[in-house]
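Take a look at the letters that make up each chain.
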Amino acid sequence: MSIEYEEFKKLIARKQFRQAAVYAEDQYFHGKNIFWITQQAYAYIRAGKYDRALECTKEVLALDPGNIYALLSAADALRGLQQYDEALWYYKEVMNREKVHDRALKGICECFLQMKEWEKLLDFISTQPGQMDDYVFYRIKALKATGKTEKAIKLCRETLSRLPHDPATLWELTDLEIEQDGIDRVIEEIGRYARIPTFPAIYKEIYASICRKAGKTDLALKTYDKMDSGIQDVHIQRQKAFTLAKTHKEQEALPLFEELLKLNPKDIYVHSSYGAACARIGEIERGINFYHALLQLYPEEKGIYGYINRLKKKLGKS
């Protein structure tokens, strides 16, 4: 593996996707190896720049029409652009190629999921020879969406017997049991699991989440606080911040929102909650100052100017 590719991987690992795309472009111009255009496309996909990624794949396919990585990236980019029918065509072109087989199959399932083509999703899964656990998430989603609640619950429990404490399956089972039995009974049951010291933190996270849904915000916050143990989980901090903001504890929520935006300046939900919380407690100047500081960290994120202008309008400035 080349030193250049190692550097590219480090940028991806640090979630510096745009920098990775520029780096890959530079490598292509220096060496004229179309491998780097496929890596540029991959970086743009990770950055959510699907139009740019699609341009890269077209450039590769013009030079090498059968390039499986370009075909796969074209499918991923089209899926990101919500052009699902075209994406499916590209995924099916490479689904039988060993090197990209798993990614292509997942892409097909994701397309059917986003299109809400539940029967097509179930039919597709039934034709695949892979292990059940490769597609169980999609089967559960499709069964749930088509009103086959009992079958979906049964499949969740079967999956958990093979994969104990699997987070995705536990979330789905919780939603299904709330639908079937009501939220109060599920809170009681999950609460028991959340108190077992040897059980993983996912039970506490689910418990806090459904407490929030049931309006038991004090219980939710207590649970989030217990989960703060030195290692800061971004998802948990995000949920805690939303809960604080909704329970009129904005002064505690604001620093959490700010730290979250420093980590991910693209999170539109955190932006929305942060701006609203600033306005509710008269901290609009703080919000404007924070966004100017955030621009120093992420000068390429032009959308931050929009959040500044919104706060200025609330402050009465033009």
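All figures in this text were calculated on a predicted structure; none of them were measured in a lab. Counting restarts for each chain, with residues numbered from 1 along the sequence as it is written. In keeping with the model being predicted, local features are shown solely for residues with a pLDDT of at least 70 and side-chain atom pairs are shown and tallied solely at 80 or more, while totals for entire chains, interfaces and linings include all residues. Side-chain numbers here rest on the full set of heavy atoms in the structure, without hydrogens or water.

Caption draft 1: Geometry of the pattern of salt bridges. Each reported salt bridge corresponds to a side-chain nitrogen of Lys or Arg within 4 Å of a carboxyl oxygen of Asp or Glu. Taken as a whole and assessed by the stated rule, the structure comprises 18 salt bridges. Here Asp181 and Arg185 are joined by a salt bridge, their closest N and O atoms 3.1 Å apart. One connected set of salt bridges, linked through shared partners, spans Lys141, Lys144, Glu172, Asp175 and Lys213.

Caption draft 2: A look at the side chain of Gln27. For Gln27, the location among the structural elements is in helix α2 (residues 17-31). Here, residues are in contact when the closest pair of their heavy atoms is within 4.5 Å. Residue contacts for Gln27: discarding those within four places in its chain leaves Glu4, Lys32 and Trp36. Numbered from the N terminus, helices here are DSSP runs of H or I no shorter than four residues, and strands are runs of E no shorter than two.

Caption draft 3: Spatial organisation of the side chain of Glu172. Checked against the element boundaries, Glu172 lands in helix α11 (residues 167-181). Under this definition, polar contacts are N or O atom pairs within 3.5 Å; protein pairs additionally need one hydrogen-donor-capable and one acceptor-capable atom, and for neighbouring residues in sequence, both atoms have to be side-chain atoms. Engagement of the side chain of Glu172 in a polar contact is seen with the side chain of Lys141, the distance being 3.0 Å. Among all residues touching Glu172, those that are not within four sequence positions of it are Phe137, Ile140, Lys141, Lys144 and Cys156.

Caption draft 4: Molecular detail of the layout of surface pockets. Using protein atoms alone on a 1 Å grid, points that fit a 1.4 Å probe yet trap it form a cavity, whereas open point sets bounded by protein on both sides within 12 Å along at least five of seven lines form a pocket; residues with an atom within 4 Å of a point count as lining. Grid points are joined across faces, edges and corners, and a volume is the space filled by probe spheres set on the points. Approximately 490 Å³ is the volume found for the largest pocket. Residue lining of the largest pocket: 16 residues in total, with Lys15, Phe17, Leu263, Asn264 and Pro265 positioned closest to the centre. When residues of the lining of the largest pocket are traced back to their parent elements, those giving at least two are α2 and α3 (35-47). With 3 residues, α2 is the single largest residue contributor to the lining of the largest pocket. The residue inventory of the lining of the largest pocket, partitioned by class, reads 6 nonpolar, 3 polar and 7 charged. Gly is placed with the polar residues, together with every amino acid not listed as nonpolar (Ala, Val, Leu, Ile, Met, Phe, Trp, Tyr, Cys and Pro) or charged (Asp, Glu, Lys and Arg).

Caption draft 5: Main features of the nonpolar core. As used here, the term nonpolar core means buried Ala, Val, Leu, Ile, Met, Phe, Trp, Tyr and Cys residues forming a set that is joined through side-chain atoms within 4.5 Å. The classification of residues rests on relative accessible area computed with a 1.4 Å probe and restricted to protein chains. Under 20% of the type maximum is buried, over 50% is exposed, and intermediate values are partly exposed. Ranked by size, the top nonpolar core spans 51 residues in total, and within it Phe8, Tyr91, Val94, Ile108, Cys109, Leu121 and Phe124 carry the most contacts. The biggest single contributor to this core is helix α5 (residues 68-80), with 8 residues. Beyond its immediate chain neighbours, meaning those up to four positions away, Leu121 contacts Cys109, Phe112, Tyr138 and Ala142.

Caption draft 6: Broad picture of the packing of helix α13 (residues 202-213) against helix α14 (residues 217-227). In contact at an axis separation of 7 Å, α13 and α14 are set at 155° when each is read in the N-to-C sense. Looking at the two axes, α13 sits roughly antiparallel to α14. Regarding α13 and α14, the two cross each other, and that crossing is left-handed. Residues Lys204, Glu205, Tyr207, Ala208, Ser209, Cys211 and Arg212 of α13 form the contact with α14, whose participating residues are Thr217, Leu219, Ala220, Thr223, Tyr224 and Met227. Of the residues in the contact of α13 with α14, the class split is 7 nonpolar, 3 polar and 3 charged. Lines fitted to C-alpha atoms define the axes, with helix axes restricted to the stretch in contact, and inter-axis angles between N-to-C directions lie between 0 and 180 degrees. Oblique is the label for every angle not falling under 35 degrees (roughly parallel), over 145 degrees (roughly antiparallel), or within 65 to 115 degrees (roughly perpendicular). In a left-handed crossing the near helix is turned counterclockwise from the far helix by less than a right angle, and in a right-handed crossing that turn is clockwise.

Caption draft 7: Summary view of unusual backbone geometry. The phi torsion at Lys116 lies on the positive side, around 60°, for a residue other than glycine. Mapped onto the fold, Lys116 is located in the loop between α7 (101-115) and α8 (118-126). Of the residues examined, Lys116 reaches a relative accessible area of 56% and is grouped as exposed.

Caption draft 8: Here's a closer look at the environment of His292. Secondary-structure assignment places His292 in helix α18 (residues 284-297). Accessibility expressed as a relative area gives 37% for His292, which makes it partly exposed. Considered as a pair, His292 and Ile308 are 16 residues apart in the sequence and their alpha carbons are 7.8 Å apart.

Caption draft 9: Spotlight on α11. Given a helix with a known number of residues, its expected span is that number minus one, times 1.5 Å. Here α11 spans 21 Å end to end across 15 residues, near enough to the 21 Å set by a 1.5 Å rise per residue. On its buried face, α11 is in contact with α9 (136-145), α10 (149-162), α12 (183-194) and α13. Once α11 ends, the next one or two residues include Gly182, with phi positive near 95°.

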